[in-house]
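# Analysis of the macromolecular model
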There are 2 protein chains.
Amino acid sequence: QFLTGYYWALFDGHGGPEAAIIASNYLHYCIKQKLEEVVGGITEARPPMHLSGRCVCDSDPQFVEEKHIHAEDLVVGALENAFQECDEVIGQEMEATNQTGGCTALAALYFQGKLYVANAGDSRAILVLKDDIVPMSCEFTPETERQRIQHLAFLSPKLLDGEFTRFEFPRRLKGDDVGQKVLYRDYFMEGWGYKMVEKADLKYPLVHGHGKQARLLGTLAVSRGLGDHQLKVIDTNIEVKPFLSCIPKVNVFDFALHDIKEDDVLIMATDGLWDVLCNKEVAHMARSFLAENRTDPHRFSELAECLVCRARGKKRGHQWMLDDSHEASYDDISVFVIPLHNREED
Amino acid sequence: QFLTGYYWALFDGHGGPEAAIIASNYLHYCIKQKLEEVVGGITEARPPMHLSGRCVCDSDPQFVEEKHIHAEDLVVGALENAFQECDEVIGQEMEATNQTGGCTALAALYFQGKLYVANAGDSRAILVLKDDIVPMSCEFTPETERQRIQHLAFLSPKLLDGEFTRFEFPRRLKGDDVGQKVLYRDYFMEGWGYKMVEKADLKYPLVHGHGKQARLLGTLAVSRGLGDHQLKVIDTNIEVKPFLSCIPKVNVFDFALHDIKEDDVLIMATDGLWDVLCNKEVAHMARSFLAENRTDPHRFSELAECLVCRARGKKRGHQWMLDDSHEASYDDISVFVIPLHNREED
């Protein structure tokens, strides 16, 4: 008996393409392996306490029910474990071949009537439905993960080796600021306070910068992803990896609860697209393009191309510009458009 | 020049009333002090980089704007710092007087046209408006905070002193489970997986039980609150405190964005109420009680009494029962009902 799934994934490399290449060769294999390991639980609506199916306790099913554990949770767990496994494989491969670098990973799995999207990094997936836009991922950057990163430094100050401050300030402090009270945030704060500046606060901040300029340890623009096992802050012995996490967040969409229309699609793209186009703009383009090209069998890949071209803009003099005269994306841009209708046909 | 604020708070003690008593005497003082410390920033729409107001850098206002820092963020920061300060005071007082115990804390502050609700524990605040129910807090329990708690044990395994396992299982494992694959979750998992049971997995789980029975280290039913500095797991040297956090989550409601009606209220209550009545039931009772007693000047405190009576139920034989024949609340029940209309009148 076979269980069939469909898989798509985007990997956005940094510090070289090697990690992204290994990830693209291995992640689907890791996911398949992790799903196979729990297949005895996935095929039942209520997974058994023991994979063998044999109850050790009469009350086992009751405990599983109390914890609200469903087959879906095993798929989520398999994806979470697969990212960890894949990260380890990449670490070993890169060390063995003396290569460096890392990548973000955004993986979509269609399995047993549900769409699972696992994300580690700053790529994004959205569902564009007839009357709705459903975000299927959120971005992990030094800014969105500031509290997790600062908390780790609070718990293990050694990780900063005396070279960084864990506090966030609106800008890098200078000598003139010492002795003054300036705006700051510590790990436990969503709000801001004022702090009397000491000399140690002049160190480079653990998380620094704003928006696309935000950096983790002055080094990385993302806070989750695969690889980077060897990555150290330049001219120091400080490792980025414990702050950089390979753990994905998994979102689930149950097709049984929605009436999927002919032009409904899943759009997955790297930050190169989302830096210059918002969800609404992308959804608007998708809906109008697909409506105008309903008989074209290649309309989905053409829409992906069209989105890339829009984000890349047009050359005007020395600059690439969007149609609305904003600056275009200088980053690499990858886009998948995946039709959701007639899912079970082939 | 004076800034006026209004403050209400609920403290639900455990292991004796002492921590709750100290907290009720000190928290408002800590909040006042923390607000006074940043008052120079609160009175401006855009807080200055330096509390003195003197720019060290011409670009300071630009950095503050980029970080989207507003006066509201200083109030949130002041509340976060006040909880930490109050927790330290409680720790010192309790040690000096050789007392033990802790408490949850739910504090509401009306300040400059906004309502701030800071919560550490399992009490709850909701706004009951004419056409809407707005949750102003979420509960912090060993169940809702499982991943934070497990992650801390992963980072600092010494904290468990070899006596607990950080893994979650649907039930406590027994000798018969060793060598079998059973359902489990680690810190990085929202989903579930199967794990081959080893002898070490038979230890008591860090987070165990379900719903109201969930316990942190077999000891506490809440994962955030004030006090408990001396609390150790019975018969061990394991301290609960690093897992128990005093950090509140602050929610903000801006009255300028809402049209507040005559019967709109803030309801704050301990878990004794929410264990047996859901938000909708409480809102329904509040709306109908207030509509029926519109001329009664004591209707708000009478509604609070009425909610307590409803949750306590009626004695039938040896049991206290709700009107719908479910079991009533055996826990202590405290309720505040705070009218929101005509806020600026006195």
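- As recorded by an unreviewed UniProt entry, chain A carries the name PPM1M phosphatase and is attributed to Ceuthmochares aereus.

### What about the pairing of strand S14 (residues 265–269) of chain A?
All names here are of chain A.
- With five of five residues buried, S14 is to be regarded as a mostly interior element.
- Side chains of S14 alternate between two faces, with Val 265, Ile 267 and Ala 269 and Leu 266 and Met 268 buried alike.
- Inspection of the sheet shows S14 paired to strand S17 (residues 335–339) by five bridges, in the antiparallel sense. Residue pairing for S17: Ala 269 is matched across the bridge by Val 335.

### Details of the environment of Lys 203 of chain B
All names here are of chain B.
- Locating Lys 203 in the fold gives a position in the loop between strand S8 (193–196) and strand S9 (204–205).
- When its relative accessible area of 33% is taken as the criterion, Lys 203 is described as partly exposed.
- When the C-alpha atoms of Lys 203 and Ser 223 are compared, they prove to be 21 Å apart, with 20 residues separating the residues in sequence.
- Setting aside its immediate chain neighbours within four residues, Lys 203 contacts Gly 162, Glu 163, Phe 164, Thr 165 and Arg 172.

### Side note on the relation of the copies chain B and chain A
- With an axial shift of 0.0 Å and an RMSD of 0.0 Å, the rotation relating chain B to chain A amounts to 180°. Taken together, the rotation and translation describe the operation of a two-fold axis. Considering only C-alpha atoms, the part of chain B nearest the rotation axis is Leu 155 of chain B, at 4.2 Å.

### So, the interface of chain B and chain A
- On the side of chain A, 52 residues touch chain B, which itself brings 52 residues to the contact.
- Of the roughly 4800 Å² buried between chain B and chain A on both sides combined, carbon and sulfur atoms contribute 61%.
- Across the chain B-chain A interface, the total number found is 25 residue pairs in polar contact (both at pLDDT 80 or more).
- Among the secondary structure elements, those contributing two or more residues to the side of chain B that touches chain A are helix H3 (60–66), helix H4 (71–96), helix H5 (146–155), strand S7 (181–184) and S8 of chain B.

### As for the domain arrangement of chain A
- Its domain assignment divides chain A into domain 1 (5–44 + 69–140 + 246–339) and domain 2 (145–221).
- The gap between the C-alpha centroids of domain 1 of chain A and domain 2 of chain A is 32 Å.

### Thoughts on the side chain of Ser 245 of chain B
Residues and elements named next belong to chain B.
- Here Ser 245 lies in the loop between strand S12 (226–227) and strand S13 (249–254).
- For Ser 245, a relative accessible area of 11% translates into the label buried.
- At a separation of 3.1 Å, a polar atom in the side chain of Ser 245 contacts the main-chain amide nitrogen of Ile 247.
- Those residues in contact with Ser 245, other than ones at most four positions away along the chain, are Arg 148, Ser 223, Arg 224 and Gly 225.

Rules behind the numbers
Residues numbered from 1 in each chain as written. Chains lettered and ligands numbered in written order. Predicted model: local features only at pLDDT ≥ 70, side-chain atom pairs only at ≥ 80, totals over all residues. Heavy atoms only, no water. Buried < 20%, exposed > 50% of the residue type's maximum accessible area, 1.4 Å probe, protein only. Helix = DSSP H or I, 4+ residues; strand = E, 2+ residues; numbered from the N terminus. Pairing = 2+ DSSP bridges. Contact = heavy atoms within 4.5 Å. Least-squares fit on C-alpha atoms with pLDDT ≥ 70 in both. Buried area = accessible area lost by both parts, 1.4 Å probe. Polar contact = N/O pair within 3.5 Å; in protein donor to acceptor, adjacent residues only side chain to side chain. Domains from an automatic or database assignment.

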